[in-house]
Amino acid sequence: MGVTNGVQTLYSLRGLTIGDVTDISRALAEEYGIFPTIDVDCSNVCFKVGKSAASLSSFLMKYAQTGVCVVPVCDGDVRPISKQATNKRKASREKSRIKA
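The notes below deal with the structure included here. (Residues numbered from 1 in each chain as written. Predicted model: local features only at pLDDT ≥ 70, side-chain atom pairs only at ≥ 80, totals over all residues. Heavy atoms only, no water.)

## Some remarks on the packing of helix α2 (residues 42-49) against helix α3 (residues 53-64)
Remark: α2 packs on α3, axes separated minimally by 10 Å, with the N-to-C direction vectors making an angle of 110 degrees. Judged by the angle between their axes, α2 and α3 are roughly perpendicular. Here C42, V45, C46 and V49 of α2 lie close against α3, whose contacting residues are S55, L56 and F59. Considered class by class, the residues forming the contact of α2 with α3 number six nonpolar, one polar and no charged. (Axes fitted to C-alpha atoms, helices over the stretch in contact; angles between N-to-C directions. Helix = DSSP H or I, 4+ residues; strand = E, 2+ residues; numbered from the N terminus. Parallel < 35°, antiparallel > 145°, perpendicular 65-115°, else oblique. Contact = heavy atoms within 4.5 Å. Nonpolar A, V, L, I, M, F, W, Y, C, P; charged D, E, K, R; others polar.)

## Observations regarding a positive patch on the surface
Taken together, K48, R89, K90 and R93 make up a surface patch of like positive charges. Here the element with the most residues in the positive patch is helix α4 (residues 81-99); it accounts for three residues. By secondary structure assignment, the location of R93 is in helix α4. The exposure class of R93 is exposed, given its relative accessible area of 52%. (Patch = residues over 30% accessible without salt bridge, like charges linked within 9 Å, V, L, I, M, F, W, Y side chains within 5 Å. Areas by Shrake-Rupley, 256 points an atom, 1.4 Å probe, with all protein chains shown as cover. Salt bridge = Lys/Arg side-chain N within 4 Å of Asp/Glu carboxyl O. Lys, Arg positive; Asp, Glu negative; His and termini not counted. Charge placed at Lys NZ, Arg CZ, Asp CG, Glu CD. Buried < 20%, exposed > 50% of the residue type's maximum accessible area, 1.4 Å probe, protein only.)

## Brief notes about the environment of C46
Here C46 is to be found in helix α2. Its relative accessible area of 17% is what places C46 among the buried residues. As a C-alpha pair, C46 and S57 span 11 residues in sequence and 10.0 Å in three-dimensional space. The residues touching C46, leaving out its near neighbours within four places in the chain, are K51 and L56.

Following this line, the structure appears as C-alpha cells:
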C-alpha cells in the first residue's frame, strides 16, 4: 500500500481550511479529468483528533460533506517504525516550539 515515491511528495501546511483543501483537490481533479478524492491516513488523523471512532468519523465527514470522495486508509496491527518516528519527531519539535 502506498504511493510510489510518496515520501518525496509529503508536505506540511498550516492554516489551511477544509474549504482550501477541497478547492485544491477539486482543481487538481478537474485538471486531470477525475473525481476529487482525498486519501486519509487514519492513524495520523487519530494522532491529531483523538483515538475514538467518533472523532475520526467526524473528521472524515467534514471533508465528505464538501463533495469530495474521502478514502480512509488504515495500517495493519502494528504501525511501521518510520511512521512512529515521524510522529515523535513532529511532537518533539512542536513541544520545543511551544517552550521557546
